[in-house]
Amino acid sequence: MFKKDITASPKQKLKSSAQRSLRQSLLSTYPLLTPHIDEILPKKASLSSMKLPDRNTLYVLDSEPLFYQQATSEILPHLKLVHRFPQGFPTIRIDRGAIRFVLSGATLMAPGLTSKGGRLPVDGAAKGLEEGKEMEQRVDEEGRWSRELVQGEPVVIMAEGKEEACAVGVLVSGTEEVKAKGKGPVVEDAHFLGDGLWNLGTE
């Protein structure tokens, strides 16, 4: 989606009502950000939006990019925010061989996750987000998420041997299905390190 350099429209200040609804949307999509929400979006913060190509909107606090959203789809974290709060987002991990493909904007395919270096959620994990247990989800020492992730859910992509996330996108297949089939696309149109969104100036 952001493979090439992009140009954004000038920043527009968001009304406080829009900031409140954005805050709510973030917390319902990413409950693990709850302890950090006042740091990410301080109550008196002056949040701005920038219109991007393909009906995308980027939300910026001062000059710090936070989240982006395409039309009415899920709100997704900018990688700079993921690097600040890595524990706040569900993750999957690709093997070393898949890194260069993901960092060139290719669709993430199942074999990069089902191989020895890849990591999908623990076998037998709960499916989807259980109400009342949102704050219990986490990544284990093995790098496996504690519940199955469902189609349409935002996910952060880690890489074997790397400390920081390399991409973020939306699952086109649930993790349970990926394990069962072992082939096919998993994440398309990801925002990745070094893409147009990463390089966009937000001053």
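Coordinates for the structure precede this section.
Computed from a prediction, not measured in an experiment: that's the story for all the values here. (Residues numbered from 1 in each chain as written. Predicted model: local features only at pLDDT ≥ 70, side-chain atom pairs only at ≥ 80, totals over all residues. Heavy atoms only, no water.)

> What exactly am I supposed to notice about the overall build of the protein chain here?
What the protein chain contains, in helices and strands, is seven helices and twelve strands. Taking 2.2 N^0.38 as the reference for a compact globule, 203 residues should give roughly 17 Å; the C-alpha atoms of the protein chain span a radius of gyration of 17 Å, in line with that estimate. Summarising its shape, the C-alpha atoms of the protein chain cover approximately 45 × 40 × 30 Å along the three principal directions. Among the 203 residues that make up the protein chain, the fraction classed as buried is 48%. A fraction of 59% describes how many contacts in the protein chain between residues 6 or more apart in sequence connect residues 24 or more apart. Accessible surface computed for the protein chain: about 10400 Å², of which carbon and sulfur atoms make up 49%. Looking at charge distribution, the protein chain has the averaged site of its 27 positive side-chain charges lying 3 Å from that of its 27 negative ones. (Helix = DSSP H or I, 4+ residues; strand = E, 2+ residues; numbered from the N terminus. Rg over C-alpha atoms; globule rule 2.2 N^0.38 Å. Buried < 20%, exposed > 50% of the residue type's maximum accessible area, 1.4 Å probe, protein only. Contact = heavy atoms within 4.5 Å. Areas by Shrake-Rupley, 256 points an atom, 1.4 Å probe, with all protein chains shown as cover. Lys, Arg positive; Asp, Glu negative; His and termini not counted. Charge placed at Lys NZ, Arg CZ, Asp CG, Glu CD.)

> Even after reading the chapter, I still don't get unusual backbone geometry, so can you show me in this structure?
Working note: non-glycine residues mostly have negative phi, and peptide bonds are mostly trans. For Asp62, which is not a glycine, the phi torsion comes out positive at approximately 55°. Take Asp62: its relative accessible area is 59%, and that puts it in the exposed class. Here Asp189, not a glycine, exhibits a phi torsion of approximately 50°, which is positive. Within the secondary structure, Asp189 is located in strand E12 (residues 185–192).

> Any chance you could explain the packing of aromatic side chains here in plain terms?
How two aromatic rings sit relative to each other is set out by the distance from centre to centre and by the angle between their planes. On inspection of all chains with the given rule, the structure shows three aromatic pairs. Pairing Phe2 with Tyr68 gives two aromatic rings, centres 5.4 Å apart and planes at 80°, and the pair type is edge-to-face. Of this pair, Phe2 sits in the segment before strand E1 (12–13) while Tyr68 is found in strand E4 (residues 64–70), placing the two residues 66 residues apart along the sequence. Pair check on accessibility: Phe2 and Tyr68 agree, each one buried. (Phe/Tyr/Trp six-rings, centres within 6.5 Å; stacked < 30°, edge-to-face > 60°.)

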